[in-house]
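Each chain, letter by letter, is given below.
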Amino acid sequence: MKKRSSSSSLVRLSLLAALSTGLALATSCFPLLARGVADTGVWMVVAIAAAGALAWVASRFHAELASMFPCAGGIRTYVGRAFGDRAGIALAVAYLSLVVALGAAEADALASVLSTAFPGSPPAAWIAGLIGIAVIANVIGFEIAAGLQAALGGSLVLGLVAASGGALGSGNLPAAPPPAAAVMIAATASATFLFLGFEWVVSAAEEVGEHRTALPRAMTVSLITLTATYGAVAIAMAVAPPAVLSSSAAPLLVLGAVWGGRIGILVTTTLCVLATVTSFNAGILGASRLVYALARERVFPASVASVHPTFHTPVAAVLAVAAVVSGSAFLVARTGMRELPVVVGAAIECVAFAAVALAARRLRQTDPARPRPYRAPFGSRAALCVAAVFLALAVASVLSVPKLAAGGLLTLGAIALSAGALSHAAVQRRNPMKKHASFPPSRSGSGLVAARIECLVALAAAVALAFAHRADIRWPVFVALFVGIDIIGYLPGAIAHRRARGGKIPDLYYFLYNATHSVPFHVALVAAISLVSAPEWAFLAIPIHLFGDRALFGNFWKSRALPFEPAEVAS
Amino acid sequence: MTLDIALTDFMTRASASRPVKSLLARWAREVEIRPAGGPPRFLRSAGGALDGPSRESSGAPDVVVEADERVLLAVFRGETSPARAHLDGDLAVYGTEKDRIVLDALVLLIWGA
């Protein structure tokens with residue numbers, strides 16, 4: 001009896017591990033791997049191992065939270081419980097952008113592979129076909145069973161290792177000197193993308209049954225498997241000439257051609273299709289369910305939460321996700337900025353890992369009595385360190401491809417602003433009694449709306465200018481100006497407000513906020529700097545910040561008569 | 001109000017709703033409502049109609065809804081959206097993604113929240 005129980009535990013563990021591995025292995029990972037190998041040679045294996053180890057540490061916190069809140073809304077729940085609804089919804093929306101980025105990258109990557117394998121076929125047709133199939137499958141409710149998904153994941157790993165072995169046997173591994181530390185950090189940051197999706201096993205595992213204790217071990221097995229598989233592929237890629245590898249949109253096919261010619265190309269094409277099947281559909285499925293849930297939370301319009309009466313699927317959410325993924329994929333294919341969604345996706349994944357570590361730390365302090373069937377073997381300080389490392393990696397990821405840094409920062413900025421605005425609006429809708437503490441009480445209603453619309457126009461103009469001159473902007477200066485306004489003007493007051501538990505705080509904090517968020521102050525500041533040095537496009541960070549605050553969040557100036565942060569005020 | 005009364009009221013409203021009947025037409029499931037520390041209740045759906053609540057299962061339930069009795073009461077009385085309770089981590093639903101959506105849609109159709 002005991003033997004049967006232990007063998008069923010082993011089956012469940014294997015199933016979950018294969019499921020998690022299959023979710024992370026995607027066709028869009030291979031161009032990223034190829035770029036890493038072109039930059040660092042065989043040392044890419046070290047970057048993969050480092051990213052895998054960091055993902056494992058993050059997975060411990062993820063498993064702890066999943067054991068506390070089984071079958072819940074993932075990161076939305078964890079961060080929401082730890083830091084409030086606003087943070088939870090904002091991160092959920094950002095995470096949604098990550099899935100869209102992954103979907104766009106995956107559709108484009110597989111289209112490139114198929115167009116290479118079958119010359120003459122247009123990539124756009126493959127993209128449309130792939131997304132069309134995913135939409136139909138999701139609308140009619142066809143879901144790949146967990147067992148089949150796990151079997152596909154296992155086959156994929158074996159196929160990739162075999163193909164890599166074949167390529168390695170066909171050539172000599174060139175010796176490569178250790179790259180510079182900055183190059184290795186950038187490679188490690190990018191390599192985080194390779195592990196994206198392994199954590200989705202938390203929700204996908206429900207079909208498998210009771211999984212609270214098996215999940216942490218399954219994620220460990222999955223991360224080891226992924227590290228070994230990517231490592232094998234990276235070593236095999238090091239055999240091919242770096243120039244050929246990094247210039248190819250389908251580097252796995254280059255690998256296939258090295259060891260098997262036409263047959264090798266067909267085998268690696270099959271592996272790519274398999275990789276997309278195990279990750280893409282799960283991504284669209286997960287994203288549409290998240291959109292549905294967010295629509296039910298009134299983050300998105302209620303019409304998005306409609307359910308098909310026959311198929312019982314959230315049809316509007318599926319179509320909305322498919323439309324955004326299609327638009328992004330065609331944009332990526334048309335502009336040739338193939339690495340942009342990967343860079344952005346890796347950065348958001350790093351931020352999500354950091355948020356999960358911080359949420360676990362916070363909930364240990366605020367909700368210590370809640371049962372934790374699994375507890376991460378790390379203390380609170382380790383959680384802080386993990387968060388700091390992942391936030392640094394998020395920055396490194398954006399800067400890892402210098403030509404994409406501007407586009408990456410703008411995209412991330414747009415995602416952050418949208419996520420903040422949507423979460424702010426949702427919380428306001430949910431709590432109509434909440435009065436705005438940052439707008440004079442005498443001005444409200446249509447006057448406030450009109451003022452925000454005017455600021456929105458100014459914001460759009462500033463963003464358009466920044467986009468048009470993205471190549472001329474010194475991005476470190478831009479980021480420093482954008483973030484500096486809040487570091488000096490907002491954070492001190494927010495910390496004081498929290499410490500005072502919503503009570504009265506010194507007027508100095510209101511002065512700091514109102515001064516650093518006033519247009520005349522910045523006009524004077526910019527004029528003074530321009531006199532000393534020269535005006536530059538990075539100054540656009542200031543109007544984007546100020547008008548973004550006003551238009552998207554309704555934050556004009558803070559009245560001393562009201563609490564520093566929005567608070568419950570009787571109407 | 002007890003959970004049994006709330007569930008009975010919920011079933012009455014469900015039986016009177018045409019969109020609910022349409023949604024349930026192809027959804028034959030047994031749902032276990034499991035309040036923390038209390039006895040489970042079972043609802044059954046077949047042929048567009050809901051049956052229950054009963055204290056005994058007819059077999060292995062397809063979907064399990066688990067929460068504090070207070071949360072379950074609020075959900076089945078239409079005071080709390082199940083989607084919200086689920087995302088807040090107060091309500092766990094064990095079952096396929098599709099079944100969870102149907103359950104949520106049922107409450108949406110009955111209570112409009």
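What counts, and at which threshold
- Residues numbered from 1 in each chain as written.
- Chains lettered and ligands numbered in written order.
- Predicted model: local features only at pLDDT ≥ 70, side-chain atom pairs only at ≥ 80, totals over all residues.
- Heavy atoms only, no water.
- Helix = DSSP H or I, 4+ residues; strand = E, 2+ residues; numbered from the N terminus.
- Rg over C-alpha atoms; globule rule 2.2 N^0.38 Å.
- Contact = heavy atoms within 4.5 Å.
- Core = buried A, V, L, I, M, F, W, Y, C linked by side-chain atoms within 4.5 Å.
- Buried < 20%, exposed > 50% of the residue type's maximum accessible area, 1.4 Å probe, protein only.
- Buried area = accessible area lost by both parts, 1.4 Å probe.
- Salt bridge = Lys/Arg side-chain N within 4 Å of Asp/Glu carboxyl O.
- Nonpolar A, V, L, I, M, F, W, Y, C, P; charged D, E, K, R; others polar.
- pLDDT = per-residue confidence, 0-100.
- Polar contact = N/O pair within 3.5 Å; in protein donor to acceptor, adjacent residues only side chain to side chain.

Peer 1: I would appreciate a short explanation of the overall build of chain A in the present structure.
Peer 2: Across its full length, chain A carries 22 helices and two strands. For 571 residues, the compact-globule estimate of 2.2 N^0.38 gives 25 Å, and chain A sits close to it at 25 Å. Judged by the C-alpha coordinates and their principal axes, chain A covers about 75 × 65 × 50 Å. The contacts in chain A between residues at least 6 apart in sequence include a share of 83% that link residues at least 24 apart.

Peer 1: Honestly, the side chain of A:Ser190 in this entry has me stumped. Any pointers?
Peer 2: Within the secondary structure layout, A:Ser190 lies in helix H8 (residues 181–191). Discounting chain neighbours no more than four positions away, the residues touching A:Ser190 are A:Leu32, A:Arg35, A:Ala346 and A:Ser400.

Peer 1: Would you explain the nonpolar core in this entry?
Peer 2: The tendency in soluble globular proteins is for nonpolar side chains to be buried as a group. Residues and elements named next belong to chain A. Counting residues in each nonpolar core, the largest one holds 182 residues, and the members touching the most others are Leu33 and Phe195. In terms of residue count, the dominant contributor to this core is helix H5 (residues 85–117) (20 residues). Within the second largest apolar cluster, 16 residues are counted, among which are Leu410, Leu417, Ala466 and Phe553.

Peer 1: Explain the interface of chain B and chain A to me, please; I cannot follow it from the model alone.
Peer 2: Often the size quoted for an interface is simply the accessible area lost on bringing the parts together. Of the residues lining the interface, 27 residues belong to chain B; the matching set on chain A comes to 30 residues. The contact between chain B and chain A buries some 2,300 Å² in all, and 54% of this surface belongs to carbon and sulfur atoms. Sorting the residues of chain B by area buried against chain A places B:Leu87, B:Lys98 and B:Ile101 first, and these three jointly supply 29% of that buried surface. Inspection of the region where chain B meets chain A yields four salt bridges. Secondary structure elements with two or more residues in the side of chain B that touches chain A: helix H2 (18–24), helix H4 (82–87), strand E5 (91–94) and helix H5 (97–111) of chain B. Broken down by class, the residue content of the side of chain B that touches chain A amounts to 13 nonpolar, five polar and nine charged.

Peer 1: Whenever I open this one, the confidence of the model for chain A confuses me. Can you help?
Peer 2: As a note on interpretation, predicted positions should not be read in detail where pLDDT is low. All names here are of chain A. When the pLDDT values of chain A are averaged, the result is 82; 91% of them are 70 or greater. Confidence, read as mean pLDDT per element, is least for strand E1 (residues 434–435) in chain A (46) and greatest for helix H3 (residues 44–68) (92). Overall, residues 433–443 carries pLDDT values under 50, and its contacts beyond four positions in sequence, including any with other chains, amount to 38 contacts.

Peer 1: When you look at the side chain of A:His517 in this model, what are you seeing that I'm missing?
Peer 2: All names here are of chain A. Relative to the helices and strands, His517 resides in the loop between helix H20 (507–516) and helix H21 (519–532). Using a relative accessible area of 2% as the deciding quantity, one classes His517 as buried. Looking at His517, its side chain comes within polar contact range of the side chain of Asp549, at 3.5 Å. For His517, the contacting residues outside a window of four places in its chain are Ile485, Asp486, Gly489, Tyr490, His545, Leu546, Asp549 and Arg550.

Peer 1: How do you make sense of the pattern of salt bridges when you look at a structure like this?
Peer 2: Close approach of charged atoms lets side chains of opposite charge pair. Residue and element names in this part refer to chain A. Enumeration according to the criterion identifies 21 salt bridges over all chains in this entry. Of the charged contacts, one joins Arg372 and Glu64 as a salt bridge, the two residues approaching to 3.2 Å between their closest N and O atoms. With Arg372 in the loop between helix H14 (339–366) and helix H15 (380–399) and Glu64 in helix H3, this residue pair connects regions lying 308 residues apart in the sequence. Overall, Arg372 belongs to the buried group, its relative accessible area being 14%.

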